[in-house]
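# A look at the structure
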Amino acid sequence: MTSEFAIAVHALVYLNHKQETLASEELAKNVCTNPARIRKVMAKLKKKELIATKEGQNGGYHTSMKAADVNLAMIYDALEIEAVCASWKSGNPDMNCMVASGMADIMDDIYGQLNEVCREKLRRITIADIDNKIFHREER
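Let us look at the structure shown here. (Residues numbered from 1 in each chain as written. Predicted model: local features only at pLDDT ≥ 70, side-chain atom pairs only at ≥ 80, totals over all residues. Heavy atoms only, no water.)

Quick look at the overall build of the protein chain now. Along the backbone of the protein chain there are 6 helices and 2 strands. Taking 2.2 N^0.38 as the reference for a compact globule, 140 residues should give roughly 14 Å; the C-alpha atoms of the protein chain span a radius of gyration of 19 Å, well beyond that estimate. Reported as C-alpha extents along the three principal axes, the dimensions of the protein chain are approximately 65 × 40 × 25 Å. Looking at the protein chain as a whole, 34% of its 140 residues qualify as buried. Considering only residue pairs separated by 6 or more positions, the protein chain has 65% of its internal contacts joining residues 24 or more positions apart. Summed over its atoms, the accessible surface of the protein chain is roughly 9,200 Å², and 52% of this surface lies on carbon and sulfur atoms. Side chains of the protein chain give 19 positive and 20 negative charges; the mean places of these two sets differ by 5 Å. (Helix = DSSP H or I, 4+ residues; strand = E, 2+ residues; numbered from the N terminus. Rg over C-alpha atoms; globule rule 2.2 N^0.38 Å. Buried < 20%, exposed > 50% of the residue type's maximum accessible area, 1.4 Å probe, protein only. Contact = heavy atoms within 4.5 Å. Areas by Shrake-Rupley, 256 points an atom, 1.4 Å probe, with all protein chains shown as cover. Lys, Arg positive; Asp, Glu negative; His and termini not counted. Charge placed at Lys NZ, Arg CZ, Asp CG, Glu CD.)

Right, dumping it as structure tokens:
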């Protein structure tokens, strides 16, 4: 996962909590990052219609869906990230060795399976669930 995912989830929970249009500067203060990073992440969420924007003096970002209808897999997909990926692959498909020539495909398959398990888990968690955990903590 990337920090973009944490920023997106945080921003959506905050927008849901405030129920008003917020500028990137206000979101950035709450998320503890800079407004440029907020705008970059929010642009991806807007493209997938997970949020909406308002132009002008009192412009900014606001929710476009009910919190219970936004699951974390939707955010994950909007950001086009993967939970598990490799920037480097071992072996070489052109080598005359079954291990060296086959390892990259095997690892890609394992990573793909892990990403699908992660996506399935994220489908079961909504912005409303996170809001409830924050504001209605259950006794442990």
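What follows picks up the thread again.
Okay, a nonpolar patch on the surface next. A cluster of nonpolar residues, Ile106, Ile110 and Leu114, forms a patch on the protein surface that exposes about 250 Å² of accessible area. Among the structural elements, Ile110 can be located in helix 5 (residues 98-123). Taking the relative accessible area as the measure of exposure, Ile110 reaches 35% and is therefore partly exposed. (Patch = residues over 30% accessible without salt bridge, like charges linked within 9 Å, V, L, I, M, F, W, Y side chains within 5 Å. Salt bridge = Lys/Arg side-chain N within 4 Å of Asp/Glu carboxyl O.)

Further remarks concern the pairing of strand 2 (residues 60-63). Here 4 bridges tie strand 1 (residues 51-54) to strand 2, and the two strands are oriented antiparallel to one another. Counterpart to Thr53 in the pairing with strand 2 is Tyr61. Hairpin connection, strand 1 to strand 2: the antiparallel pair is bridged by 5 residues, and Gly56 has positive phi, about 105°. (Pairing = 2+ DSSP bridges.)

Here we take up the pattern of salt bridges. Scanning the model with the defined rule gives 9 salt bridges in all. In this structure, Arg39 engages Glu25 in a salt bridge whose closest nitrogen and oxygen atoms are separated by 3.9 Å. Pair noted here: Arg39 is in helix 3 (residues 35-47) and Glu25 is in helix 2 (residues 24-31), with a separation of 14 residues, a long-range link. When the shortest N-O distance is used, the salt bridge between Glu120 and Arg123 registers 2.7 Å. Taken together, the positions of Glu120 and Arg123, both in helix 5 and 3 residues apart, correspond to about one turn of that helix. Connected through shared salt-bridge partners, Asp77, Glu116, Arg119, Glu120, Arg123 and Arg124 make up one network.

What follows is about the packing of helix 3 against helix 4 (residues 72-79). Relative to each other, helix 3 and helix 4 sit at 110°, their axes nearing to 9 Å. Regarding the angle of helix 3 to helix 4, the classification is roughly perpendicular. Across from Val41, Lys44 and Leu45 in helix 3, the residues of helix 4 making contact are Ile75, Ala78 and Leu79. Class assignment of the residues belonging to the contact of helix 3 with helix 4 gives a composition of 5 nonpolar, no polar and 1 charged. (Axes fitted to C-alpha atoms, helices over the stretch in contact; angles between N-to-C directions. Parallel < 35°, antiparallel > 145°, perpendicular 65-115°, else oblique. Nonpolar A, V, L, I, M, F, W, Y, C, P; charged D, E, K, R; others polar.)

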